[in-house]
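So you can see what is in the structure, the chains are spelled out below.
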Amino acid sequence: MDPPAAKRSRGGPSGPEERDARAGAARGRGRPEALLDLSAKRVAESWAFEQVEERLSRVPEPVQKRIVFWSFPRSEREICMYSSLGYQPLEGEHDARVPFTRGLHLLQSGAVDRVLQVGFHLSGNVREPGGPGEPERLYHISISFDRCKITSVSCGCDNRDLFYCAHVVALSLYRIRHARQVELRLPISETLSQMNRDQLQKFVQYLISAHHTEVLPTAQRLADEILLLGSEINLVHGAPDPTAGAGIEDANCWHLDEEQIQEQVKQLLSNGGYYGASQQLRSMFSKVLRGLGGHRGSGDPGADTPPPPHLHIPAQVREMLRMQDSNGARMLILMTEQFLQDPRLALWRQQGAGMTDKCRQLWDELGALWVCVVLSPHCKPEERAGWLQLLCKWDKLEVCPLEEGNYAFDGPSLQPTVAPSSGPEVEAAGSRHTVFSRALQAGELHWNDAHLQRILASDTYGPSLKGNVGGDKLTFDSQGRPLWLGEPFPTACARVDTLRAHGYPRQALRLAGAMVNTLRLQRRHQLESYKQQKKELLQKGSTCITNTEGWVGHPLDPIGCLCRALLEACRLEEETLSLYPDEGSEKRKVAYQHVPVPGSPGESYFAMALEVALLGLGQQRALPEGLYAQDKVVRNEEQLLALLEEVELDERLVQVLRKQAGLLLEGGPFSGFGEVLFRESVPMHTCARYLFTALLPHDPDLAYRLALRAMRLPVLESTFPAGEPHPNPLESIMSNRFPRWFILGHLETRQCELASAMLMAAKGDPKWLHAVLGSVQQNIHSPALLFKLAQDACKTAAPASVPPDTTLLGIALELGLQVMRMTLNTMTWRRREMVRWLVTCATEIGPQALMNIMQNWYSLFTPVEAATIVAVTGTTHATLLRLQLDGPQREELWACTRTLALQCAMKDPQNCALPALTLCEKNQAAFEAAYQIVLDAAAGGLGHAHLFTVARYMEHRGLPLRAYKLATLALAQLSIAFNQDSHPAVNDVLWACSLSHSLGRHELSAIVPLIIRSVHCAPMLSDILRRWTLSAPGLGPLGARRAAKPLGADRAPLCQLLEAAVAAYITTSHSRLTHISPRHYGDFIEFLGKARETFLLAPDGHLQFSQFLENLKQTYKGKKKLMLLVRERFG
């Protein structure tokens, strides 16, 4: 395969071309570069210096110097990558803490000095200012390099971060930017070879003297070994030279501290999370996405929206792969091994608990990254074999995370004809697919297919050039455009992603174009297949799923890969980007242009990207299993739509949009917008909302037809008949009813948002308003969402200071009525809010709407709601002012309200009688009817508490005789035991006694038997007796004043009450003494004191009380202490 296309400079650091040009300008403007320099550059990039020495018996010193000079890295991009790998600037700090930026500042401030290059070794000092009150710090830096790569670094700061520190950066940038100012020497071995014996001895002795504390032991040991004739050191030809560069067999790669990477990852995991514990590792993760380009990196269209912090997957690996850096795979291996050693994996597996979403996203990205690595188009066979061996080992580990979802691994290949299958393909029971399984499958793929090679090699590949490469396989469409068939669509898209990841953007674009041609051909055959079976499917009313794995939410993100490859070719991008494009506080809107497709007149990659996105989003597919897999479907869909929303639609794109929308409507079982749906297919609400908004200004009819078709929610439609409520309307989904649909609540919300968008857009258009209303009533099953929809419609229909849209108001009211009917039998804390809103909405429409809901309250409200909220709210002063009614209209509304109140009182007298009486106060006939309802209800078992309440209301209204009547009915139902002196009805009984006393002796006499029969509590009876003896009874029934003399307790009618009170004290005393404890003796003595007061109200009360005490003393003589207390108190 051809080498990767040249890259543009992407940030602060300059590229090699710029640096070389700057160096050339220093030598003299306009002069061509010397042949020696051109040759030395090529040799320095590709050959180890040992290889040069072997090829030539003697290399002239000027040639050696030019090779050594050009062997240092010439591009700042690699320095930037390796020095910013472990850092992610915090919000607000931007690049201040990044080593590359710090090193650049040190260079610009003149902190670098004493720079010396000896062969392939660079050294120098960097002076860094100290903090406040601290001295300046001096650091000595050493750098070894070979073939334009830094192979080792050393700094006195003892940096323990992942990669290069700011001091190494400063020295490296100095060497790149001021290469001509650096003192250059040949490797030290060349200098030593020019010395005689005396010079060598002097050199060694001076060196030892300068550093005797450090090197003296080593020098003595080496001297001893050299003087020993048979020593190992004498058997080796020559001596090592750290400045002479690498050997032929040495690996040529950038310095990578494997031990430090492992330590950093281990530290991250020990801190308790895959994210948040180390900013450095998070940054290392984030750049993987940027570099490979396939998963929303900074180079991707749509990447202006950064991934969330927890999605920082090894981004640097992708950057390295794109730059052909072998450290990419090494680093990925190290990280994967460390993550597999995380002890929480075993714990999660042991407990049967799932990983957190953030951890799961990390593992998904690792799996996709391994697919790109293994599928590399230029790796060596032995490299791939080594990777696959590691993947096989990891795949067999019990703690290896599984790929969640029901995605097929051996899915259908892209073929020209696809007929509906008889049912979803079910994978073999017990199959185990880990996050590495797809990478292992990618290891079986290759790039040596002749047809594939021709697709990648040319923009003009057609039938005339193919020869006999396709065999029996279809290789071109009817227009002569190349196709790529024979493997699953996600796998083919993984090839596109891999090509982009490894720096082959043109080849990726060519393969993406062939994939689009294949999808179009597949769709044509699908439509032809559907037309043949359309009648049968429509009669059946349902279908089986035709796609065994959905493309949106798929672990390999095929639609996203394809779209981004196409959009990347159309992106208008500024040449200068920040070091961290993801972190910019202000996001730039991405601009695109139409780039023509070679060999396809009138087509552009821009339009292709839109077509692919809509095809994937509109695919009818089954919802995958598992919460995370379902959540990923939602997130992937939103990411694709966010990508499309960045696109400004021109006339060409609108035509694509209209064509694709029409095809989606006609797509049958292959489209989520088709006429028949699989029961558990993913709903199209979010996609439809985008299409509706985009199409509405250009083709309203198509926009509404598409959105109305998408309102379906098949899993609920097949469970609840149209118009019937949810089993529990308060919940969007019952877990025991739909155990697999974890995200149903989210999907229902999106369905509601689509309906809301249509209602708002259809304002003023009765035709579409009623169409939307019908769809809403048929498809939305959540009362809470229906209520929100009704509220939104009401607000839109009746804005402030603008005449309302009566049609939309009517629809809002109709939706509210449906909510009332759905929730009538399942009470919710929001019912009161809903009922009040419904009355308000009806008021906005007019009095007739308000009276209609009052007249049909049985099917909408409970009696309590109707009597206490609807009737009251509908007749408040504010409501009447809003309605602006004249006299007859107001009376009609009041009559309707009174009728409603009476009906509610008959239906639920216990809770509605008092509200009904209150509402009917101003109409005598209605008031009498309400009063009669209360009397009838009392006979039917209306509780004493409610009767007392209504009785007090009657007294407050100035109807004491009716209050007395209701009080006697309440007393007839009441029973207060001997020990219930704190009964809730005590105050009501005392009030009733007071009322009867105020009415006169006749009423008092009538109520005494009721009191005796209902009240058995001695203190309460004695209290009533004393109250009645304090003053004379009031007016009698005829209004004549009776004697002002108070009644005597020993005379009728109070004598009966006195006897009852005495008997109650005697009974209660015996009852209390049966189980009395010493700590209650004092209370009992006080009780006897109150009893004596009641006994003494009778003429022979003293004698009765004495006999009562003697009886107690004889009966309970065993309770000696108590009886002693009785004698002390009463004698």
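Residues numbered from 1 in each chain as written. Predicted model: local features only at pLDDT ≥ 70, side-chain atom pairs only at ≥ 80, totals over all residues. Heavy atoms only, no water.

What follows is about the overall build of the chain. Along its length, the chain carries 50 helices and 9 strands. Counting all 1131 residues of the chain, 53% fall into the buried class. Here the analysis covers contacts within the chain between residues at least 6 apart in sequence; of these, 74% occur between residues at least 24 apart. Total accessible area on the chain stands at roughly 51,600 Å², and carbon and sulfur atoms take up 52% of it. (Helix = DSSP H or I, 4+ residues; strand = E, 2+ residues; numbered from the N terminus. Buried < 20%, exposed > 50% of the residue type's maximum accessible area, 1.4 Å probe, protein only. Contact = heavy atoms within 4.5 Å. Areas by Shrake-Rupley, 256 points an atom, 1.4 Å probe, with all protein chains shown as cover.)

All right, on to the environment of Leu 850 then. Among the structural elements, Leu 850 can be located in helix α36 (residues 847-855). As a C-alpha pair, Leu 850 and Leu 838 span 12 residues in sequence and 9.1 Å in three-dimensional space. The contacts of Leu 850, once residues within four sequence positions are left out, are Val 839, Ala 842, Thr 843, Gly 874, Thr 879, Leu 883 and Leu 893.

Before going further, it helps to examine the packing of aromatic side chains. Under the definition given, this model contains 20 aromatic pairs. The interplanar angle of 85° and the centroid separation of 4.9 Å between the aromatic rings of Phe 69 and Trp 70 together place this pair among those described as edge-to-face. Across the pair, exposure class does not vary: Phe 69 and Trp 70 are buried alike. Where Tyr 592 meets Phe 606, the ring centres are 5.4 Å apart and the plane angle is 40°; that geometry is what we call tilted. Of the two residues, Tyr 592 is situated in strand β7 (residues 591-592) and Phe 606 in helix α25 (residues 605-617); the sequence distance between them amounts to 14 residues. For Tyr 592, a relative accessible area of 12% translates into the label buried. Members of the aromatic cluster, connected to one another through ring pairs, are Phe 339, Trp 363, Trp 370, Trp 394 and Phe 436. Positioned over the ring face of Phe 927 is Arg 957, at 4.9 Å from the centre of the ring. Here Arg 1072 stacks its cationic end above the ring of Phe 1087, 4.9 Å away from the centre of that ring. (Phe/Tyr/Trp six-rings, centres within 6.5 Å; stacked < 30°, edge-to-face > 60°. Lys NZ or Arg CZ within 6 Å of the ring centre and 35° of its normal.)

Within the secondary structure, Ala 514 sits in helix α23 (residues 505-540). When its relative accessible area of 1% is taken as the criterion, Ala 514 is described as buried. Residues Ala 514 and Asp 477, spaced 37 residues apart in sequence, show a C-alpha to C-alpha distance of 9.8 Å. Among all residues touching Ala 514, those that are not within four sequence positions of it are Ile 455, Pro 482, Leu 483 and Trp 484.

Our next topic: helix α24 (residues 558-568). Among the 11 residues in α24, 10 count as buried, and that is most of the element. Looking only at α24, the buried set comprises Pro 558, Ile 559, Gly 560, Cys 561, Leu 562, Cys 563, Arg 564, Ala 565, Leu 566 and Leu 567. Each element contacted by the buried residues of α24 is listed here: α22 (489-501), α23, β6 (571-572), β7, α25 and α26 (627-645).

Turning our attention to the side chain of Arg 481. Here Arg 481 shows up in the loop between α21 (463-466) and α22. For Arg 481, a relative accessible area of 10% gives the class buried. Here Glu 603 takes part through its side chain, which lies 2.8 Å from a polar atom of the side chain of Arg 481. Discounting chain neighbours no more than four positions away, the residues touching Arg 481 are Thr 475, Phe 476, Asn 517, Arg 520, Ser 600 and Glu 603. (Polar contact = N/O pair within 3.5 Å; in protein donor to acceptor, adjacent residues only side chain to side chain.)

The contact between helix α35 (residues 831-845) and helix α37 (residues 863-874) brings their axes to 9 Å, and the two run at 35°. By crossing handedness, the relation of α35 to α37 is classed as right-handed. Packed against α35, whose contacting residues are Arg 831, Arg 832, Val 835, Arg 836 and Val 839, the element α37 presents Glu 865, Ile 869, Val 870, Thr 873 and Gly 874 at the interface. (Axes fitted to C-alpha atoms, helices over the stretch in contact; angles between N-to-C directions. Left-handed = near helix turned anticlockwise from the far one by under 90°.)

Let us now look at unusual backbone geometry. Cis geometry marks the peptide bond from Ala 1052 to Pro 1053, where omega comes out at 5°. Mapped onto the fold, Pro 1053 is located in the loop between α46 (1018-1030) and α47 (1054-1074). Of note in this structure, Arg 147 is not a glycine but carries a positive phi near 50°. Relative to the helices and strands, Arg 147 is located in the loop between β3 (137-146) and β4 (149-155). For Arg 147, a relative accessible area of 10% puts it in the buried group. Unusually for a residue other than glycine, Cys 148 sits at a positive phi of about 65°. Owing to a relative accessible area of 17%, Cys 148 belongs among the buried residues under this scheme.

This structure, assessed with the given rule, holds 41 salt bridges. One salt bridge in this structure joins Glu 183 and Arg 185, with 2.4 Å as the shortest N-O distance. Classification of Glu 183 as partly exposed rests on a relative accessible area of 38%. On the basis of relative accessibility, which here comes to 41%, the residue Arg 185 falls in the partly exposed class. Members of the salt-bridge network, linked through shared partners, are Asp 477, Arg 481, Arg 520, Glu 603 and Glu 611. (Salt bridge = Lys/Arg side-chain N within 4 Å of Asp/Glu carboxyl O.)

Moving on to the nonpolar core. Note that soluble globular proteins tend to have their nonpolar side chains buried in a common cluster. By size, the foremost hydrophobic cluster in this structure holds 252 residues, and its most contacted members are Trp 370, Phe 673, Phe 861, Val 989, Ile 1011 and Trp 1028. Sorting elements by how many residues they give to this core places α25 first, with 11 residues. Among all residues touching Phe 861, those that are not within four sequence positions of it are Met 820, Leu 824, Arg 831, Val 835, Leu 838, Ile 853, Ala 866 and Val 870. Listed in part, the 45 residues of the second largest apolar core include Ile 67, Phe 69, Ile 79 and Phe 120. (Core = buried A, V, L, I, M, F, W, Y, C linked by side-chain atoms within 4.5 Å.)

The next subject is the environment of His 1080. Among the secondary structure elements, His 1080 is positioned in the loop between α47 and α48 (1081-1095). Spatially, the C-alpha atom of His 1080 lies 9.8 Å from that of Leu 1122, the residues being 42 residues apart in sequence.

Looking now at a nonpolar patch on the surface. There is a patch of nonpolar side chains on the surface, built from Ile 188, Phe 203, Val 204 and Leu 207 and spanning about 290 Å² of accessible area. Per-element accounting of the nonpolar patch gives the leading share, 3 residues, to helix α9 (residues 197-210). Exposure remark for Leu 207: the relative accessible area of 43% places this residue in the partly exposed category. (Patch = residues over 30% accessible without salt bridge, like charges linked within 9 Å, V, L, I, M, F, W, Y side chains within 5 Å.)

This part is about the sheet that holds strand β1 (residues 112-118). Strands belonging to one sheet form pairs held by backbone hydrogen bonds; the direction of such a pair is parallel or antiparallel. One open sheet accounts for 5 strands, arranged β4-β3-β2-β1-β5; its pairing is mixed. With partners counted over all chains shown, the strands left at the sheet margins are β4 and β5 (183-185), one partner each. When the angles between neighbouring strand axes are averaged without regard to direction, this sheet yields 20°. Bridge count between β1 and strand β2 (residues 121-128): 5 bridges; the pairing is antiparallel. From the neighbouring strand, Gln 117 faces β2, where its bridge partner is Leu 122. (Pairing = 2+ DSSP bridges.)

Below, the discussion takes up a negative patch on the surface. Taken together, Glu 50, Glu 53, Glu 54 and Asp 250 make up a surface patch of like negative charges. Looking at the element boundaries, Glu 54 is found in helix α3 (residues 49-55). A relative accessible area of 57% means that Glu 54 is categorised as exposed. (Lys, Arg positive; Asp, Glu negative; His and termini not counted. Charge placed at Lys NZ, Arg CZ, Asp CG, Glu CD.)

Right, let's get into the confidence of the model for the chain. Per-residue pLDDT for the chain has a mean of 81; in total, 82% of the residues score no lower than 70. Note that pLDDT drops below 50 for residues 2-28; the model gives that stretch 47 contacts with residues more than four away or on any other chain. Low pLDDT (under 50) marks residues 417-430, which in the prediction has 24 contacts with non-local residues, meaning those over four places away or in another chain. (pLDDT = per-residue confidence, 0-100.)

Counting buried positions along β3 yields 7 of 10 residues, so the element is predominantly enclosed. Note that β3 and β4 share 6 bridges and pair antiparallel. What sits directly across from Ile 143, in β4, is Val 153. Taking the residues between adjacent antiparallel strands as the criterion, β3 and β4 are bridged by 2 residues, where Arg 147 takes a positive phi near 50°.

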